[in-house]
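Tertiary structure, described
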Amino acid sequence: MTSGPYEILLHTLDGSRRESTLPELDRKPDPWESSMQATCECLSWRGTLDNLERRHTEDALGETIYHDFPVRTRSVVVTAHTLMDRGLITPEQLGARMGVVRARFNRE
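Summary of the structure given here. Note that the structure is a prediction, hence the values are computed from the model and not measured.

Here is what the cut-offs are and how they apply
- Residues numbered from 1 in each chain as written.
- Predicted model: local features only at pLDDT ≥ 70, side-chain atom pairs only at ≥ 80, totals over all residues.
- Heavy atoms only, no water.
- Core = buried A, V, L, I, M, F, W, Y, C linked by side-chain atoms within 4.5 Å.
- Buried < 20%, exposed > 50% of the residue type's maximum accessible area, 1.4 Å probe, protein only.
- Helix = DSSP H or I, 4+ residues; strand = E, 2+ residues; numbered from the N terminus.
- Contact = heavy atoms within 4.5 Å.
- Axes fitted to C-alpha atoms, helices over the stretch in contact; angles between N-to-C directions.
- Left-handed = near helix turned anticlockwise from the far one by under 90°.
- Nonpolar A, V, L, I, M, F, W, Y, C, P; charged D, E, K, R; others polar.

**A short note on the nonpolar core**
Of all hydrophobic cores here, the largest spans 12 residues; its members are Y6, L9, L10, L61, Y66, F69, V77, V78, A80, M84, L94 and M98. The dominant element in this core, judged by the number of residues it contributes, is helix α5 (residues 74-85), at four residues. Non-local contacts of Y66, meaning those with residues more than four positions away in its chain, are made with Y6, L9, L10, L61, R74, V77, V78 and H81.

In structure tokens:
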């Protein structure tokens, strides 16, 4: 397992675990998943994170560091991991933003 700046990502695994059956994988994406894919498309279009590179990274990290994460959540953790690697976001900035999002969900 890894540590350091990626701990913030590893702590997001909140009891959810990797899917183990086809019905778990074969479902309609949640709205956040569709939004995440659109965000990845925009990052690729603007040259920040190439889609093919992201997919290769997702395959590699999804089978190692983020193995326990559900398949559909790997795009978001791998994207955040890569953006931290590139110095485009710090763990502190990510943590602050995650706090804002959690607060919003808790209000609703």
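Next comes the rest of the description.
**Re the side chain of R54**
In this fold, R54 is placed in helix α4 (residues 51-62). Ignoring sequence-local partners within four residues, the contact set of R54 consists of Q37, C40, L49, S75, V78 and T79.

**Points about the packing of helix α3 (residues 31-45) against α5**
Across the interface, α3 lies against α5 with an axial gap of 10 Å and an inter-helix angle of 35 degrees. Of the two possible hands of crossing, α3 and α5 adopt the one that is left-handed. Taken together, the residues of α5 that come into contact with α3 (itself represented by W32, M36, Q37, C40 and L43) are S75, V76 and T79. Taken together, the residues that form the contact of α3 with α5 break down as five nonpolar, three polar and no charged.

Honestly, it's all geometry; don't read function into it.
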